[in-house]
Amino acid sequence: MTEKKIVKESLTTMTEMVFPNHTNGLNNLMGGWLMYWMDIVAAIAAQRHASAIVVTASVDNISFSEPIKVGDVVTLRAQVTRAFNTSMEVYIEAWTENIPNRRKLATNKAFFTFVALDKDGKPTTVPEAVPETEAENSLYEGALRRRQLRLILAGRMTPNDANELKAIFDIKE
C-alpha cells in the first residue's frame, strides 16, 4: 500500500426523494430503502478511493434517530475513513429535508466496509487514506478499533489480539 490518497477525494454525496413506494404504513421511509441508498453511496466513495470495483464486506450498526417522511429529500454523504490492505472503512451520514417547511435533520449514520477487487475478482491492495481535518483524523483514529471489533464479532480475531481495543480499557497482559 505505497500509493496515498487524501480522504476527501473519496467524498460522495447522493440525494433521493422519498416517494410513497419507499414508505411503510406510517408514511415513513422503510429502513431497507435507506440501507440500499447507503450501500450505493458508500460503494461509490470506496471505488473512488480504490480506483477499482468494490464489494460490501460488512455493515456496522445503522442508527435511526429520526423518521424520514414521504415527500422528504434524503441526502447521503459517504467518505473513506481509513484503508487497510485490501479493505476500506466508509462512514455514511444521512439527513432528511422537508423543503416546504425548511426543516433539515440528521437522521442516520453508519460504517460500511468494502473490499477492492481486481479484474479477476480477487482482492487487491488499496491506497493509504490520508486524513487532513480534525474530523477526518478522529474517524481515521477510531477505524482500527472498529475494525478489530468487527473481526472479533466475525470470529476472525481473538479479543487477546485486539491491541487497540485493549488499550481503551487499559488491559495489561
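Residues numbered from 1 in each chain as written. Predicted model: local features only at pLDDT ≥ 70, side-chain atom pairs only at ≥ 80, totals over all residues. Heavy atoms only, no water.

(A) Structural view of the UniProt feature "domain: HotDog ACOT-type" (unreviewed entry) in the protein chain. Following the UniProt record, the feature "domain: HotDog ACOT-type" (unreviewed entry) maps to residues 8–120 here. Within the segment residues 8–120, helix and strand shares are 18% and 47% respectively, and the terminal C-alpha atoms sit 28 Å apart. (UniProt positions renumbered as here; feature names shortened; annotations may be inferred. Helix = DSSP H or I, 4+ residues; strand = E, 2+ residues; numbered from the N terminus.)

(B) Focus on helix H1 (residues 31–50). Across its 20 residues, H1 extends 28 Å between first and last C-alpha, which sits within 8% of the 28 Å expected from 1.5 Å per residue. Where H1 is concerned, the buried positions are Leu34, Trp37, Met38, Val41, Ala42, Ala43, Ala45, Ala46, His49 and Ala50. Of the residues one or two after H1, Ser51 is the one with positive phi, at around 55°. (Expected span 1.5 Å × (residues − 1). Buried < 20%, exposed > 50% of the residue type's maximum accessible area, 1.4 Å probe, protein only.)

(C) Looking closely at unusual backbone geometry. The residue Asn27 is not glycine, and still its phi comes out positive at about 65°. Judged by relative accessible area, Asn27 falls into the partly exposed class, the value being 41%. The phi dihedral of Arg102 falls on the positive side, at around 55°, and the residue is not glycine. Tracing the chain through its elements places Arg102 in the loop between strand E6 (87–98) and strand E7 (103–117). What makes Arg102 exposed here is its relative accessible area of 79%.

(D) The arrangement of the packing of aromatic side chains in detail. Scanning all chains against the criterion turns up four aromatic pairs. When the centroid spacing of 4.9 Å and the interplanar angle of 35° are considered together, the rings of Tyr91 and Phe111 count as tilted. In this pair, Tyr91 sits in strand E6 while Phe111 sits in strand E7, placing the two residues 20 residues apart along the sequence. In this structure, Tyr91 and Phe111 share a single accessibility class: buried. When the ring of Phe112 is compared with that of Phe114, the centres are 6.3 Å apart and the planes differ by 20°; the resulting orientation is stacked. Across this residue pair, the class does not change: Phe112 and Phe114 are buried. Grouped by ring-pair contacts, the aromatic residues Trp33, Tyr36 and Trp37 constitute a single cluster. (Phe/Tyr/Trp six-rings, centres within 6.5 Å; stacked < 30°, edge-to-face > 60°.)

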